Amino acid sequence: MTKKEKQYEMRKWKILDVALNHFIRYGFYGTSTRKIAEEAGISSGLMFHYFPSKLTLYESLVEIGCEKLTIDSREGESPMMFFEKQVEWFLSIATQNNFASKMFVFMGMVAINAKDVSERVAQMMKEHDVEAMSVPYIEKGQELGVIRPGDPLTLSALFYSSIQGFAETLVVKDNLKLPEKEWFLAILRNDNKE
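No experiment lies behind these values; they were computed from the predicted model shown.

**Topic: the pattern of salt bridges**
Here is step 1 of the chain: Within the structure shown, the criterion is met by seven salt bridges.
Here is step 2 of the chain: Where Asp17 meets Lys102, a salt bridge forms, and the shortest distance between an N and an O atom there is 3.5 Å. In this pair, Asp17 sits in helix α1 (residues 3-30) while Lys102 sits in helix α6 (residues 98-117), placing the two residues 85 residues apart along the sequence.
Here is step 3 of the chain: Of the charged contacts, one joins Lys181 and Glu84 as a salt bridge, the two residues approaching to 2.6 Å between their closest N and O atoms. Taken together, the positions of Lys181 in helix α11 (residues 181-185) and Glu84 in helix α5 (residues 79-94) put the pair 97 residues apart, joining distant regions of the chain.
Here is step 4 of the chain: One continuous salt-bridge network, built from bridges that share partners, spans Glu59, Glu63 and Arg120.

**Focus on the nonpolar core**
In a soluble, globular protein the nonpolar side chains are often hidden away together inside.
Here is step 1 of the chain: Core analysis: the biggest nonpolar cluster contains 31 residues, and Ile15, Tyr58, Leu61, Val62 and Phe106 have the highest contact counts within it.
Here is step 2 of the chain: Looking at this core, the elements that each hand over two or more residues are α1, α2 (33-40), α3 (44-50), α4 (54-68), α6 and α7 (119-127).
Here is step 3 of the chain: In contact with Tyr58, other than residues within four places in its own chain, are Phe23, Phe28, Phe106, Val110, Val117 and Val121.
Here is step 4 of the chain: With 24 residues, the next largest nonpolar core counts Phe90, Tyr160, Leu170 and Leu185 among its residues.

**A word on the environment of Met1**
Here is step 1 of the chain: Looking at the element boundaries, Met1 is found in the segment before α1.
Here is step 2 of the chain: Owing to a relative accessible area of 66%, Met1 belongs among the exposed residues under this scheme.
Here is step 3 of the chain: In this structure the C-alpha to C-alpha distance between Met1 and Glu143, which are 142 residues apart in sequence, comes to 51 Å.
Here is step 4 of the chain: Residues in contact with Met1, not counting those within four places in the same chain, are Lys6 and Glu9.

**Comments concerning the environment of Phe82**
Here is step 1 of the chain: With respect to the secondary-structure elements, Phe82 resides in helix α5.
Here is step 2 of the chain: Of the residues examined, Phe82 reaches a relative accessible area of 0% and is grouped as buried.
Here is step 3 of the chain: C-alpha of Phe82 to C-alpha of Met10: the two residues are 72 residues apart in sequence and 35 Å apart in space.

**A few points about α6**
Here is step 1 of the chain: Given a rise of 1.5 Å per residue, 20 residues ought to cover 28 Å, yet the end C-alpha atoms of α6 are separated by just 25 Å, more than 12% below that figure.
Here is step 2 of the chain: The principal kink in α6, of about 55°, is found at Ala111.

**Some words on the packing of α1 against α2**
Here is step 1 of the chain: The N-to-C vectors of α1 and α2 enclose an angle of 130°; their axes lie 9 Å apart at closest approach. With respect to α2, the axis of α1 lies oblique. Helix-helix and strand crossings are classified by hand; for α1 and α2 the assignment is right-handed. Counted together, Lys14, Ile15, Val18, Ala19 and His22 of α1 and Lys35, Ile36, Glu39 and Ala40 of α2 form the full contact between these two elements.
Here is step 2 of the chain: Among the residues making up the contact of α1 with α2, the classes are represented as five nonpolar, one polar and three charged.

**Let's talk about the packing of α6 against helix α10 (residues 152-172)**
Any two packed helices are characterised by how steeply their axes cross, that is the angle between the axes, and by the distance between the axes.
Here is step 1 of the chain: Remark: α6 packs on α10, axes separated minimally by 8 Å, with the N-to-C direction vectors making an angle of 125°. With respect to each other, α6 and α10 are oriented oblique. Considering only the axes of α6 and α10, their crossing is left-handed. Along the contact surface, α6 presents Asn98, Ser101, Lys102, Phe104, Val105 and Gly108, while α10 presents Ile163, Gln164, Ala167, Glu168, Leu170 and Val171.
Here is step 2 of the chain: Grouping the amino acids of the contact of α6 with α10 by side-chain chemistry returns six nonpolar, four polar and two charged.

Thresholds, definitions, all that
- Residues numbered from 1 in each chain as written.
- Predicted model: local features only at pLDDT ≥ 70, side-chain atom pairs only at ≥ 80, totals over all residues.
- Heavy atoms only, no water.
- Salt bridge = Lys/Arg side-chain N within 4 Å of Asp/Glu carboxyl O.
- Helix = DSSP H or I, 4+ residues; strand = E, 2+ residues; numbered from the N terminus.
- Core = buried A, V, L, I, M, F, W, Y, C linked by side-chain atoms within 4.5 Å.
- Buried < 20%, exposed > 50% of the residue type's maximum accessible area, 1.4 Å probe, protein only.
- Contact = heavy atoms within 4.5 Å.
- Expected span 1.5 Å × (residues − 1).
- Bend = angle between axes of the 7 residues up to and from the residue.
- Axes fitted to C-alpha atoms, helices over the stretch in contact; angles between N-to-C directions.
- Parallel < 35°, antiparallel > 145°, perpendicular 65-115°, else oblique.
- Left-handed = near helix turned anticlockwise from the far one by under 90°.
- Nonpolar A, V, L, I, M, F, W, Y, C, P; charged D, E, K, R; others polar.

Now the structure itself:
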């Protein structure tokens, strides 16, 4: 990568980082591209060279978030091992940088407001619905008796909501210690096996 390409990438990520903070704080409609450019230390014109519109900038952040909202599974993997991997992934990125934790906050807001912002954002969120994609693992775990009984989608939502909520808390309370992975897994684990 040339020096010019490195500078381009660094500036692009600076814009994304500043925009992420603004979208979290002010929402899509309250965010000003002028203020993003100002805080990123560039002109509005230069920012639009990177992202032609506020919507393009927003959608770029959603794309980054959706890249992480994928289900990585292996054939024959046990349901609890699948969810353990989900927690391990979260705990590993939560310790890496604040951008990742802020993305959890942002994606939570996007999930609520996607339809109001753009059809493309709503479609991306629908295609990356990890709660729905995890339902077959819960159902299989319930069949095996290792995951508690109950509505599979509700259990999935509860599990991911606990991760989401903790990530949001990490953004505002950086002195928190990370929980043990078992604390999250206990939400799903069937302790009343016969």
